[in-house]
Amino acid sequence: MVTFQQKILQLVKCFRRQWPLFSNSERTTVCGADCMLMALQLSMAEVNKQHHGDFTVSLSDVLETWNYLLHDKLGLSYENMKEPENYTDVKKAYHAFLARSNMLDLIDICQKCCSLGVLPENESISPVQLLEFISGVIDAQENNGSVLSAPAQINRQDQEHMKVAILAKKSICSYLSLLVNSKDDLALAHILNVPDRGLGREAFTNLKHSSQERKMSIFLMATSFIRTVELGGRDCASSLYDPLRAHVKGLSNFVNFIDKLQEIVGEVLNTRIAGGRILSTVKMHLIKGRSNGDPFCQAVEEVVQDLDLKIKNIIDSQQETLTAGTTGVSPAR
């Protein structure tokens with residue numbers, strides 16, 4: 001019997017194997033539930049700014065719109081739900097955000113797989129199942145074949161450990177995501193100031209506004225600005241009046257570190273070695289200046305070990321696929 005977790009994994013594997021059917025860019029990444037919710041919140045704030053001049057949105061409104069959006073996209077009944085304010089504009093902004101970020105959400109991938117008929121019948125996921133999974137009703141981790149719908153009680157110490165572990169994993173995975181897809185603004189938002197570079201909300205807001213004016217990704221905006229400053233080109237004088245000028249040191253640190261990771265990708269041809277070196281470099285960057293007993297350091301170490309194993313498993317899987325001749329995609333890519 002195929003477990004629900006295996007169905008979700010097969011869904012993502014299907015996307016990886018046949019990405020040209022889903023997107024024009026091989027730099028496309030999967031947007032999970034947490035990223036979908038964040039993208040929706042940013043989209044709602046953007047629409048509120050247009051209609052009311054206020055770039056804020058309440059949590060209750062986000063959750064209400066989130067529930068409505070999921071039912072709408074999955075084709076489930078929402079007759080008893082009140083349509084959120086400016087919903088058409090919010091939905092349009094949401095999909096535009098994903099498109100700008102080279103991202104596809106789980107619903108889009110699932111529906112595309114179903115329309116293409118590329119998944120066996122016993123691995124298909126119903127709209128209700130996907131709704132429950134994205135909403136958190138279904139826990140993808142299964143125990144003895146039964147789905148856990150309610151988490152076990154945990155004490156405060158375990159809760160703190162869990163928070164640190166989630167932060168460590170999100171930080172490391174965001175660095176990897178940005179390395180694969182430089183248009184992933186959500187990943188950049190997670191790590192712009194991790195570790196602390198003095199790049200707070202003001203810096204991110206300035207970057208976001210500048211990127212919108214230039215019609216480019218936030219990362220490309222940061223890179224372009226730093227290159228201009230460092231190379232001292234003819235546009236450098238105008239940068240003296242740029243709001244980003246106040247964040248040169250932090251942005252330079254961030255951009256140069258990503259450059260360092262990209263150099264590993266370009267110089268190390270062995271994919272296994274490159275993956276391990278990238279993870280090791282990110283780990284050292286995150287724990288620099290922290291004590292060995294720091295809970296965050298321990299969490300980073302655990303996450304890196306887990307991801308290193310997963311990357312090697314992905315490489316092995318792709319090499320098997322390539323040997324079978326089903327795709328022409330290089331495992332390294």
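Sequence order sets the numbering: in each chain, residues are counted from 1 along the sequence as written. Under the rules for a predicted model, residues below a pLDDT of 70 receive no local features and side-chain atom pairs below 80 are neither given nor counted, while totals for whole chains, interfaces and linings still include all residues. Side-chain numbers here rest on the full set of heavy atoms in the structure, without hydrogens or water.

- Looking at an unreviewed UniProt entry, the protein carries the name PCNA-interacting partner, with the source organism given as Mohoua ochrocephala.
- UniProt positions are given in the numbering used here, feature names are shortened, and annotations may be inferred rather than shown by experiment. Quoted verbatim from the Sequence similarities (unreviewed entry) heading of the UniProt record, the comment on the protein is "Belongs to the PARI family."

1. Here's the deal with the overall build of the protein
Link 1 in the chain: Runs of H or I in DSSP of at least four residues are treated as helices and runs of E of at least two as strands, each being numbered from the N terminus. Scanning the protein from N- to C-terminus turns up 13 helices and 4 strands.
Link 2 in the chain: Residue burial is assigned from relative accessible area. The probe radius is 1.4 Å, only protein chains are included, and a residue is buried under 20% of its type maximum, exposed over 50%, and partly exposed in between. By the burial criterion, 39% of the 333 residues in the protein qualify as buried.
Link 3 in the chain: Contacts in the protein between residues at least 24 apart in sequence constitute 64% of all its contacts with a sequence separation of at least 6.
Link 4 in the chain: Carbon and sulfur atoms provide 51% of the accessible area of the protein, an area that totals close to 19000 Å². Contact between two residues is taken to exist if any of their heavy atoms lie within 4.5 Å; hydrogens are not considered. All accessible-area figures derive from a Shrake-Rupley calculation using a 1.4 Å probe, and residue coverage is judged against the displayed protein chains alone.

2. Side note on the packing of helix H7 (residues 156–180) against helix H11 (residues 248–267)
Link 1 in the chain: Axis definition: a line fitted to C-alpha atoms, over the contacting stretch in the case of helices. Angles run 0 to 180 degrees between N-to-C directions. Closest axis-to-axis distance for the H7/H11 pair is 11 Å, and the angle between their directions is 70°. Taken as axis vectors, H7 and H11 run roughly perpendicular relative to one another. You can see that H7 and H11 cross each other, and the crossing is right-handed. Every residue of H11 that contacts H7 at Tyr-175, Leu-178 and Leu-179 is listed here: Phe-254, Phe-257, Ile-258, Leu-261, Gln-262 and Val-265.
Link 2 in the chain: Across the contact of H7 with H11, the residue classes tally to 8 nonpolar, 1 polar and no charged. An angle below 35 degrees is treated as roughly parallel, one above 145 as roughly antiparallel, one from 65 to 115 as roughly perpendicular, and anything else as oblique. With the far helix as reference, a near helix turned anticlockwise by less than a right angle produces a left-handed crossing, and one turned clockwise produces a right-handed crossing. Ten residue types, Ala, Val, Leu, Ile, Met, Phe, Trp, Tyr, Cys and Pro, are classed as nonpolar, four, Asp, Glu, Lys and Arg, as charged, and the remainder, Gly among them, as polar.

3. Side note on the packing of aromatic side chains
Link 1 in the chain: Aromatic rings from Phe, Tyr and Trp, taking only the six-membered ring of Trp, are treated as a pair when their centres fall within 6.5 Å; an angle between ring planes under 30 degrees marks them as stacked, one over 60 as edge-to-face, and anything in between as tilted. This structure, assessed with the given rule, holds 5 aromatic pairs.
Link 2 in the chain: For the ring pair Tyr-175 and Phe-257, a centre distance of 5.4 Å and an interplane angle of 80° mean the geometry is edge-to-face. Pair noted here: Tyr-175 is in helix H7 and Phe-257 is in helix H11, with a separation of 82 residues, a long-range link. Side by side, Tyr-175 and Phe-257 carry an identical accessibility label, which is buried.

4. Notes on unusual backbone geometry
Link 1 in the chain: Geometrically, the link from Val-194 to Pro-195 is a cis peptide bond, its omega value of 0° lying close to zero.
Link 2 in the chain: Looking at the element boundaries, Pro-195 is found in the loop between helix H8 (185–191) and helix H9 (201–214).
Link 3 in the chain: At Asn-102, a residue that is not glycine, the phi angle is positive and equals roughly 55°.
Link 4 in the chain: Examined against the element boundaries, Asn-102 turns out to sit in the loop between helix H4 (87–100) and strand S2 (103–105).
Link 5 in the chain: We classify Asn-102 as buried; its relative accessible area is 14%.
Link 6 in the chain: One non-glycine residue with positive phi stands out, namely Lys-215, at about 55°.
Link 7 in the chain: For Lys-215, the position within the fold is in the loop between H9 and helix H10 (218–231).

5. Digging into the environment of Lys-312
Link 1 in the chain: By the element assignment, Lys-312 lies in helix H13 (residues 295–324).
Link 2 in the chain: Note on Lys-312: relative accessible area 29%, which makes it partly exposed.
Link 3 in the chain: A sequence separation of 40 residues divides Lys-312 from Arg-272, and the C-alpha atoms of the two residues are 6.2 Å apart.

6. Focus on helix H1 (residues 4–17)
Link 1 in the chain: The span expected for a helix works out to 1.5 Å for each residue beyond the first. In this model H1 runs 20 Å from its N-terminal to its C-terminal C-alpha over 14 residues, within 8% of the 20 Å that 1.5 Å per residue would give.
Link 2 in the chain: Residues of H1 that are buried: Phe-4, Lys-7, Ile-8, Leu-11, Cys-14 and Phe-15. Seen along its axis, H1 keeps its buried residues to an arc of 120°; they face one direction. By construction, the arc corresponds to the directions joining the helix axis to the C-beta atoms.

7. A word on the side chain of Lys-208
Link 1 in the chain: Following the sequence through the fold, Lys-208 ends up in helix H9.
Link 2 in the chain: Under this rule, positive means Lys or Arg and negative means Asp or Glu; His and the chain ends count for nothing. The salt bridge definition used is simple: a Lys or Arg side-chain nitrogen within 4 Å of an Asp or Glu carboxyl oxygen. Comment: no salt bridge for buried Lys-208; closest opposite-charge side chain is Glu-46, at 4.9 Å.

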